[in-house]
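As a plain string of letters, each chain reads:
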Amino acid sequence: MLLDRSERSFPRVIIIGGGFGGVEVARCLKDKEVEVLLIDRNNFHTFQPLMYQVATGTLAADAISFPIRKMFKSQQNFRFRMADVTEIDHTEKIVKTSVGDYDYDYLVIATGATSNFFGNKQVEQYALPMKSIHEALNIRSYVLQNLEEAVLRKNYHDRERFLNFVVVGGGPTGVELSGAIAEIQLHMLKKDYPELSKNEMKVYLVEGTGNILAALSEKSSQDAERYLRDLGVNILLNTQVTGYDGDTIKFSNGESIPTKTVIWGAGVMGQFPAGIHPEIIQRGNRIQTDGQCRVSGMGNVYAIGDVAAMITEDTPRGLPGVAPAAQQQGAYVAKHILKNMNNQQAADFKYFDKGSMATIGRNKAVVDMGRFHMKGFIAWLTWMFVHLVSIFGFRNKLVTFVNWSIKFFTKNSGIRLIINKYKRPDVEKETEPEYHS
């Protein structure tokens, strides 16, 4: 493939990844004397904090997605290419992609993270991750498919594994997802499936440590646990998953649950193209950076967001994997590039923690802002406002608000559609040994 060595007057900044961090870098370089090229395998940006609402039918996929080209339609120095990045050649300063090779002066790696199954290949094969729109739609389809399958079974024993839903991971994703599935049980199951009893459907949240929402305050963790239990969610703490064969999930304490649906939210790991030195890969498959987001040993290359591990005295375990951290890093890197072009020194990056929050079903949430803690309905309104104003696009904000309003007043979410059936890998049955006489 030919290199894209354009006749340009300004330095080229290539951004790999159209998530929160990558988009923020591009926005902050508007009208600056640089050429911005953003590369992503999708032509849209996804508002990931609301992915679970797509998975549970509250929102349609396009309500939390926004076209990247439309996002930057008024930015003259911006270009976009939809492609898979296969390799970074930092010696020649070239990014190799599925549609061509592009040279750069500055490179920002903002490729995000994918699900981490911690080496358990069996769980990886059968569990459902939720790190993309496609995966969220798979969950929506598969939950509904299993309810349809349950209707066909004559007795509870045959229906049980189709009506047990297990969410692994007690972080915000797991908490919000298990709460949303529990609301399907409480408010929609009997309406849509009168043949089934809501007492037959069970939702489990499995957490390997002693509390959920460990990144939030102890008060928020306790409140969230109480709200989930009020919704009927069975919370299993200090419980590690040891295996899942597609029919039964097994735990370290010897217990097991028959289930067709295991949704995995227990961990993430960075994802990035080839060309990164193995010695700078940190825990969680993240790229180590210095205090100015620069990748060690790779000139003019930055890493931000979930893919980066900024290991400093202030952040010995790196920054939290949340949207505000990626956005703040993105804005910082844009300024750092401009300072570098002008031979100016830059101070180290400082993360400003604006707080953390999680919602637990209808009109319940927890919010931590410094030492200030909120819970219940007021916290839920705060959560809604923060997320609503953060969504890209007026139409998306309006559609989301309307859907939330309908659900609040009717306790009903209407996007229970199986557009494309999810085909899970066939369950491997144990074969009995053959005996020869």
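Keep in mind that what you see is a predicted model, and the values were worked out from it rather than measured.

**Notes on the overall build of the protein chain**
Argument step 1. Across its full length, the protein chain carries 11 helices and 27 strands.
Argument step 2. A total of 437 residues make up the protein chain; the buried ones form 50% of that total.

**Some details on empty space enclosed by the protein**
Argument step 1. Within this structure, the stated rule accounts for 4 cavities of 30 Å³ or more.
Argument step 2. Considering only enclosed or pocket space, the largest cavity measures out at about 200 Å³ in volume.
Argument step 3. Mapped onto the lining of the largest cavity, the elements with two or more residues apiece are helix H2 (51–55), helix H7 (172–192), helix H10 (376–390) and helix H11 (394–410).
Argument step 4. Here the lining of the largest cavity gets 4 residues from one element, more than from any other, and that element is H7.
Argument step 5. When its residues are assigned to classes, the lining of the largest cavity shows 7 nonpolar, 5 polar and 4 charged.
Argument step 6. A domain-level breakdown of the lining of the largest cavity finds at least three residues from each of domain 1 (12–115 + 268–342) and domain 2 (121–266).
Argument step 7. Taken as a whole, the second largest cavity encloses approximately 50 Å³ of empty space.
Argument step 8. Together, Ala55, Thr56, Gly57, Arg140, Val143, Leu144, Ile184, Ile415 and Arg416 line the second largest cavity.
Argument step 9. Examining the composition of the lining of the second largest cavity, we find that 3 residues originate from one element, helix H5 (residues 133–152), more than from any other.
Argument step 10. A per-class count over the lining of the second largest cavity returns 5 nonpolar, 2 polar and 2 charged.
Argument step 11. Both of domain 1 (12–115 + 268–342) and domain 2 (121–266) provide at least three residues apiece to the lining of the second largest cavity.

**A look at the packing of aromatic side chains**
Argument step 1. Scanning the model with the defined rule gives 11 aromatic pairs in all.
Argument step 2. Taken together, a centroid distance of 6.4 Å and an interplanar angle of 40° make the contact between phenylalanine 377 and phenylalanine 408 tilted. Here phenylalanine 377 is found in helix H10, whereas its partner phenylalanine 408 is found in helix H11, with 31 residues between them in sequence.
Argument step 3. Judged by relative accessible area, phenylalanine 408 falls into the partly exposed class, the value being 23%.
Argument step 4. Ring plane angle 40° and centroid distance 5.6 Å describe the contact between tryptophan 383 and tryptophan 404, whose orientation is recorded as tilted. Here tryptophan 404 lies in helix H11 and tryptophan 383 lies in helix H10, a separation of 21 residues in the sequence. Judged on exposure class, the residue tryptophan 383 and its partner tryptophan 404 are both buried.
Argument step 5. Positioned above the aromatic ring of tyrosine 227 is the side chain of lysine 364, whose terminal nitrogen or guanidinium carbon lies 5.9 Å from the ring centre.

**A closer look at the environment of aspartate 89**
Argument step 1. Inspection of the secondary structure assignment puts aspartate 89 in strand S7 (residues 85–89).
Argument step 2. Ignoring anything within four residues of it in the chain, the contact list for aspartate 89 reads Ile94 and Tyr104.

**Description of the UniProt feature "domain: FAD/NAD(P)-binding" (unreviewed entry) in the protein chain**
Argument step 1. Using the residue numbers shown here, the UniProt feature "domain: FAD/NAD(P)-binding" (unreviewed entry) corresponds to residues 12–330.
Argument step 2. As annotated, residues 12–330 comprises 29% helix and 27% strand, and the C-alpha atoms at either end are separated by 16 Å.

**Section: the sheet that holds strand S18 (residues 256–258)**
Sheet strands pair via backbone hydrogen bonds, and the direction of the pair is either parallel or antiparallel.
Argument step 1. With antiparallel pairing, 3 strands are arranged side by side in an open sheet as S16-S17-S18. Each having just a single partner strand, strand S16 (241–244) and S18 make up the two edges of the open sheet. Looking at each pair of strands side by side, their axes are set apart by 15° on average, direction ignored.
Argument step 2. One ladder, built from 3 bridges, connects S16 with strand S17 (residues 248–251); its direction is antiparallel. Bridging across to S17, valine 241 finds its partner in phenylalanine 251.

**Digging into helix H8 (residues 218–230)**
Argument step 1. Taking 1.5 Å as the rise per residue, H8 with 13 residues should run 18 Å; its terminal C-alpha atoms sit 18 Å apart, in good agreement.
Argument step 2. Every buried residue belonging to H8 is among Ser220, Ser221, Asp223, Ala224, Glu225, Tyr227 and Leu228, and all of these are buried.
Argument step 3. Those residues of H8 that are buried lie in contact with H7, strand S14 (202–206), strand S15 (234–236), strand S26 (365–369), strand S27 (372–375) and H10.
Argument step 4. Phi turns positive, to about 100°, at glycine 232, one or two residues after H8.

**Points about the sheet that holds strand S22 (residues 286–289)**
Argument step 1. Read across the sheet, 3 strands follow the order S21-S22-S24 without closing on themselves; strand pairing throughout is mixed. Two strands lie at the open edges of the sheet, namely strand S21 (281–282) and strand S24 (308–310), each paired on one side alone.
Argument step 2. Both S22 and S24 contribute to a ladder of 3 bridges, which runs parallel. Counterpart to isoleucine 287 in the pairing with S24 is alanine 308.

**Overview of the domain arrangement of the protein chain**
Accessible area lost upon the coming together of the parts is a frequently used measure of interface size.
Argument step 1. Domain annotation of the protein chain identifies domain 1 (12–115 + 268–342) and domain 2 (121–266).
Argument step 2. Each of domain 1 and domain 2 has a C-alpha centre, and the two are 32 Å apart.
Argument step 3. Each partner contributes to the roughly 1300 Å² buried at the junction of domain 1 and domain 2, and carbon and sulfur atoms together form 71% of this total.
Argument step 4. Inspection of the region where domain 1 meets domain 2 yields 2 residue pairs in polar contact (both at pLDDT 80 or more).
Argument step 5. Elements with a minimum of two residues in the side of domain 1 that touches domain 2: strand S4 (44–46), H2 and strand S11 (113–115).
Argument step 6. At 4 residues, the largest contribution of residues to the side of domain 1 that touches domain 2 is made by H2.
Argument step 7. Looking at side-chain class alone, the side of domain 1 that touches domain 2 contains 10 nonpolar, 7 polar and no charged residues.

**Some remarks on the pairing of S14**
On a regular strand, each side chain points to the face opposite its neighbour's, so the side chains alternate between the two faces of the sheet.
Argument step 1. When you tally the buried positions in S14, you get 4 out of 5 residues, the bulk of the element.
Argument step 2. The sheet contact formed by strand S13 (residues 164–168) and S14 spans 5 bridges and is parallel. Pairing of asparagine 164 across the sheet is with lysine 202, part of S14.
Argument step 3. In the classification by handedness, the crossover that spans S13, the intervening H7 and the parallel S14 is right-handed.

Scoring rules and cut-offs
- Here the residue numbers are simple positions, counted from 1 along each chain's written sequence.
- Restriction of local features to residues with pLDDT of at least 70 applies here, the model being predicted, together with a cutoff of 80 or more for giving and counting side-chain atom pairs; totals for whole chains, interfaces and linings are based on all residues.
- Excluded from the side-chain calculations are hydrogens and water; all other atoms, namely the structure's heavy atoms, are used.
- Here a strand is any run of E in DSSP of at least two residues, a helix any run of H or I of at least four, and the numbering for each starts at the N terminus.
- Throughout, exposure labels follow a simple rule: accessible area from a 1.4 Å probe, protein chains only, divided by the maximum for the residue type, with under 20% read as buried, over 50% as exposed, and the rest as partly exposed.
- Only protein atoms enter the 1 Å grid, on which a cavity is a set of points fitting a 1.4 Å probe that cannot get out and a pocket is an open set with protein on both sides within 12 Å along at least 5 of 7 lines, lining residues being those with an atom within 4 Å of a point.
- Grid points are joined across faces, edges and corners, and a volume is the space filled by probe spheres set on the points.
- Three classes are used: nonpolar for Ala, Val, Leu, Ile, Met, Phe, Trp, Tyr, Cys and Pro, charged for Asp, Glu, Lys and Arg, and polar for all others, with Gly counted as polar.
- Where each domain starts and ends comes from a domain assignment, either automatic or drawn from a database.
- Note on aromatic contacts: the rings of Phe and Tyr and the six-membered ring of Trp form a pair at centre separations within 6.5 Å, being stacked when their planes are under 30 degrees apart, edge-to-face when over 60 apart, and tilted otherwise.
- Over a ring means this: the NZ of a Lys or the CZ of an Arg is within 6 Å of the ring centre and within 35 degrees of the ring normal.
- Should any heavy atoms of two residues lie within 4.5 Å, those residues are considered in contact.
- UniProt positions are given in the numbering used here, feature names are shortened, and annotations may be inferred rather than shown by experiment.
- We treat two strands as partners when DSSP finds at least two bridges between them.
- Structural elements are reduced to axes, namely lines fitted to C-alpha atoms, with helices fitted over the stretch in contact, and the angle between N-to-C directions of any two is expressed from 0 to 180 degrees.
- Between the first and last residue of a helix there are one fewer steps than residues, each counted as 1.5 Å, and that sum is the expected span.
- Put simply, buried area is how much 1.4 Å-probe accessible surface two parts lose in total, over both of them, once they are put together.
- Two N or O atoms count as a polar contact when they lie within 3.5 Å, although within protein this holds only if one can serve as hydrogen donor and the other as acceptor, and sequence-adjacent residues are included solely when both atoms are side-chain atoms.
- Consider the strands pointing away from the viewer: the crossover is right-handed when the path from the first strand over the helix to the second runs clockwise.

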